[in-house]
Structure formats: structure tokens, C-alpha cells
Amino acid sequence: MPLPAYLTTAEAAEYLRLKERKVYDLVSQGVIPCVRVTGKLLFPRQRIDLWLMNHLEGDDAVSSPIPPVLAGSQDPLLEWAVKESNAELALLCQGSGDGVQRLVDGRAMLAGMHIWHSETQRYNDPATLGLSGMRDLVLIRWAKRQQGLLLAADNPHQIIRLEDIASPGIRIAHRQPDAGVSHLLQGLLARHRIDARHLAWAAHPSLSEDDLALAIRQGEADIGVGIEAAARRQGLAFIPLQQEHFDLAMRRRHYFEPAMQRLLAFAGSDRFVQRAEALGGYDISELGKVVYNA
């Protein structure tokens, strides 16, 4: 029989091959992840697995402290939660690709990413991203987000589908090349056999989801691909295209750092759920799920 998601003390002891007394000692020392429900201890199995892996001998040693930086892609809900949770993380969101590089180089503790791989039809594949060499890599699901076309509220060009961006006179807002949505857009253009060289691109890339939405609202572009939450914040029309996975990548040991634990704890609050609903376009049913554990 498969093990339950939450283990009792006896089940945790058996799973860890320890005596129950030792498990209680670990709890009293605050070193093993657990929750107390009506006086009873429960141990989240996924977090127990991470805790075990974090203590593997031979894992990559840290030669210098990693700065408490959240890099990678910008997400309005994540940005708000970092501030409200007092996670004490600096935000340096310059695109998913930049976040991957900073994570590998040890210049960021966390990296938010939503990179679509058209060949594998998957999001955030560590092997494709060049992260398979990180022996202690963990990916935690943050949210599923709705990606689509952002356009002026009155839709003056009567755009109804992706192929309409190739219409004469349509100016397209775009992100920097290593942003996650740029990978998605390239895949969508290839799928619909649209030659990017023949499109009218905005003069400068937008460096965030909000910047892209603002460019359209201010008339600097007619259309762009972005998330529903950004469209709502700027009062734009939105045409859904694809649901994506937005994940947080980190080294295993950083999952247990106070910054990450504060963020996840806040993400379980009613206030956070209400904010996600208000922003729109978010599915947070899998938030906190371990989607990859090297």
C-alpha cells in the first residue's frame, strides 16, 4: 500500500528506521518537519523526504554564502507574498533564463521560472534547462497561471486569436529573449507557422509582466502575450491561450531556510488565497508540491 501524505509518529519512526523516542527527541529539538493537530503529531512525507535528502553525505558543499535573492521571472502574486510574509528576500526578477543562471552560479537562493519546452511539451524540465548537474536541485510548485493575449480593453483591431498578430499594422509587445513567455511565444508562432521576422515588434522589450501590460495600456503596442493577472491590473482585455506551471527552483538545503518557510507558511493563509482570487488567472491547488527532487 502507498504511504499516506501525513505520517503518524509510529509510521514516521518506521519509515526512518528509528525508535519513536528518537523521533520525539528530533521534534523537541525542532530539526524534523512536523505539524501538531489537536495535540497529535503528523509528519508530511514529502517534507520528510526532503529533510532526509538534505542530510545526505556527499552533497555539494557551499563554498560561500548564497545571497537571499529571489531571481528569475516576475510574478505579481509571488512578489506580493514575499513582501507580506516578511521572508526577507531581495527581488531581482529579470526573466526565467537569468534566474536559472544566477541559481547555478550561486548568486540567488531561489529562481522563479515558467519555461515551456515545445519539444517535450513540458514546463521547467531541469535537463533541458541545463540544471540536471545540480545534485541537490528541488522544484516547488508555486502556481498554475493562465497565459494569453493582452490587448486594449475595447479591442479596436478585433483580435480574437493568436494568428491575428500577423495582421498589418499590429504592433507586438515582447519580453527579453530569456524570459519564460518568450519561449512560449516562439513555440506558439512555430505551431501556427508564423514567421517572427515578418511581425511588427515594439521598439524595446518589456522587462516584466506588468511592464508589458502597461505598454499596451499606454498605446505603445497593440498586443502581447502575458498572464491574466497583469491584464487585470492594467484593465486590459485577455484571450486565454495556455495554462502554465510557475515553479520555484532552489538547492535542497534552502528549502529549510527561514525565508522559504515563512513564504510557504504565508501561502497557506486565507489572506493569500483571497489575494490569488482577486488577481485572477491563478490555480494554487498544487502550491508547495515537490515536482522535482534530484
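Keep in mind it's a predicted model, so treat the numbers as computed, not measured.

Enquirer: Whenever I open this one, the pairing of strand β4 (residues 69-72) confuses me. Can you help?
Expert: Look at any regular strand and the pattern is simple: side chains alternate between the two faces of the sheet. Along β4, one buried face is formed by Val-69 and Ala-71 and the opposite face, lined by Leu-70 and Gly-72, is buried too. Looking at chain direction, β4 and strand β5 (residues 90-92) are connected through three bridges and run parallel. Bridging from a neighbouring strand, Ala-71 pairs with Leu-92 of β5. Regarding the hand of the β-α-β motif, the stretch spanning β4, helix α4 (residues 76-84) and β5 is right-handed. The pairing of β4 with strand β6 (residues 110-113) spans three bridges and is classified as parallel. Residue pairing in the sheet places Gly-72 in a bridge with Gly-112 of β6.

Enquirer: Explain unusual backbone geometry here, please?
Expert: Negative phi characterises most residues that are not glycine, and trans characterises most peptide bonds. Backbone geometry places Asn-124, a non-glycine residue, at a positive phi of 55°. Mapped onto the elements of the fold, Asn-124 is located in the loop between β8 (122-123) and α6 (126-129). Of note, the phi angle at Arg-193 is positive, near 55°, even though the residue is not glycine.

Enquirer: What exactly am I supposed to notice about the sheet that holds strand β1 (residues 6-7) here?
Expert: Pairing between the strands of a sheet is mediated by backbone hydrogen bonds and can be parallel or antiparallel. Taking strand neighbours across the sheet as the criterion, the three strands line up as β1-β3-β2 in an open arrangement whose pairing is antiparallel. Here the strands that pair on one side only, and so sit at the sheet edges, are β1 and β2 (35-37). Where β2 meets strand β3 (residues 40-44), three bridges bridge the pair, whose relative direction is antiparallel. Each residue of the ladder has a partner; that of Val-37, found in β3, is Lys-40.

Enquirer: Explain the pattern of salt bridges here, please?
Expert: Overall, the coordinates contain 17 salt bridges when judged by the stated rule. Residue Arg-233 is joined to Asp-210 by a salt bridge in which the shortest nitrogen-to-oxygen separation is 2.8 Å. Within this pair, whereas Arg-233 is found in helix α9 (residues 228-233), its partner Asp-210 is found in helix α8 (residues 209-217), the two being separated by 23 residues in sequence. When its relative accessible area of 38% is taken as the criterion, Arg-233 is described as partly exposed. With relative accessibility at 14%, the residue Asp-210 sits in the buried group. Among the charged side chains, a salt-bridge network with shared partners connects Asp-75, Arg-145, Glu-209 and Glu-244.

Enquirer: How do you make sense of the packing of aromatic side chains when you look at a structure like this?
Expert: Within a pair of aromatic rings, the relevant descriptors are the distance that separates the centres and the angle that separates the planes. A full pass over the atoms with the stated rule returns five aromatic pairs. An angle of 50° between the planes, with centres 4.9 Å apart, marks the rings of Trp-116 and Tyr-123 as tilted. Each member of the pair, Trp-116 together with Tyr-123, is buried. Look at Phe-266 and Phe-272: their rings are 6.2 Å apart centre to centre, the planes differ by 80°, and that puts the pair in the edge-to-face class.

Enquirer: I'm lost on the UniProt feature "domain: PBP" (unreviewed entry) in the protein chain in this one. Help?
Expert: Residues given the UniProt feature "domain: PBP" (unreviewed entry) here are residues 83-266. Taken end to end, residues 83-266 is 28% helix and 27% strand, and its two terminal C-alpha atoms sit 10 Å from one another.

Enquirer: Explanation requested: the packing of helix α1 (residues 9-16) against helix α2 (residues 20-28) in the structure shown.
Expert: Packed helices, taken two at a time, are described by the angle their axes make and the gap between the axes. The interhelical angle for the contact between α1 and α2, taken along N-to-C directions, is 100°, at an axis separation of 9 Å. Here α1 lies roughly perpendicular to α2, going by the angle between them. Contacts from Thr-9, Ala-10 and Ala-13 in α1 reach Glu-20, Val-23 and Tyr-24 in α2. Taken together, the residues of the contact of α1 with α2 break down into four nonpolar, one polar and one charged.

Enquirer: Teacher, can you tell me more about the environment of Ala-237 here?
Expert: Within the secondary structure layout, Ala-237 lies in strand β13 (residues 237-251). Once residues lying within four places of it in the same chain are set aside, the contact partners of Ala-237 are Leu-149, Leu-150, Leu-151, Ala-152, Ala-153 and Ala-231.

Enquirer: Explanation requested: the environment of Arg-102 in the structure shown.
Expert: With respect to the element layout, Arg-102 can be found in helix α5 (residues 96-105). A residue is classified by how much of its surface remains accessible, and Arg-102, at 14% relative accessible area, is buried. Considering only alpha carbons, one finds Arg-102 and Trp-201, 99 residues apart in sequence, at a separation of 28 Å. Not counting chain neighbours up to four residues away, the residues in contact with Arg-102 comprise Ala-71, Leu-92, Gln-94, Arg-107 and Ala-108.

Enquirer: Explanation requested: the packing of α4 against helix α11 (residues 270-279) in the structure shown.
Expert: As a packed pair, α4 and α11 sit with axes 10 Å apart at the nearest point and diverge in direction by 150°. By the angle between their directions, the pair α4 and α11 is classed as roughly antiparallel. Where α4 crosses over α11, the handedness of that crossing is right-handed. Here Pro-76, Leu-77, Trp-80, Ala-81 and Glu-84 of α4 lie close against α11, whose contacting residues are Arg-271, Phe-272, Arg-275, Ala-276 and Leu-279. Taken together, the residues of the contact of α4 with α11 sort by class into seven nonpolar, no polar and three charged.

Rules behind the numbers
- Residues numbered from 1 in each chain as written.
- Predicted model: local features only at pLDDT ≥ 70, side-chain atom pairs only at ≥ 80, totals over all residues.
- Heavy atoms only, no water.
- Buried < 20%, exposed > 50% of the residue type's maximum accessible area, 1.4 Å probe, protein only.
- Helix = DSSP H or I, 4+ residues; strand = E, 2+ residues; numbered from the N terminus.
- Pairing = 2+ DSSP bridges.
- Right-handed = clockwise from strand over helix to strand, strands pointing away.
- Salt bridge = Lys/Arg side-chain N within 4 Å of Asp/Glu carboxyl O.
- Phe/Tyr/Trp six-rings, centres within 6.5 Å; stacked < 30°, edge-to-face > 60°.
- UniProt positions renumbered as here; feature names shortened; annotations may be inferred.
- Axes fitted to C-alpha atoms, helices over the stretch in contact; angles between N-to-C directions.
- Parallel < 35°, antiparallel > 145°, perpendicular 65-115°, else oblique.
- Contact = heavy atoms within 4.5 Å.
- Nonpolar A, V, L, I, M, F, W, Y, C, P; charged D, E, K, R; others polar.
- Left-handed = near helix turned anticlockwise from the far one by under 90°.

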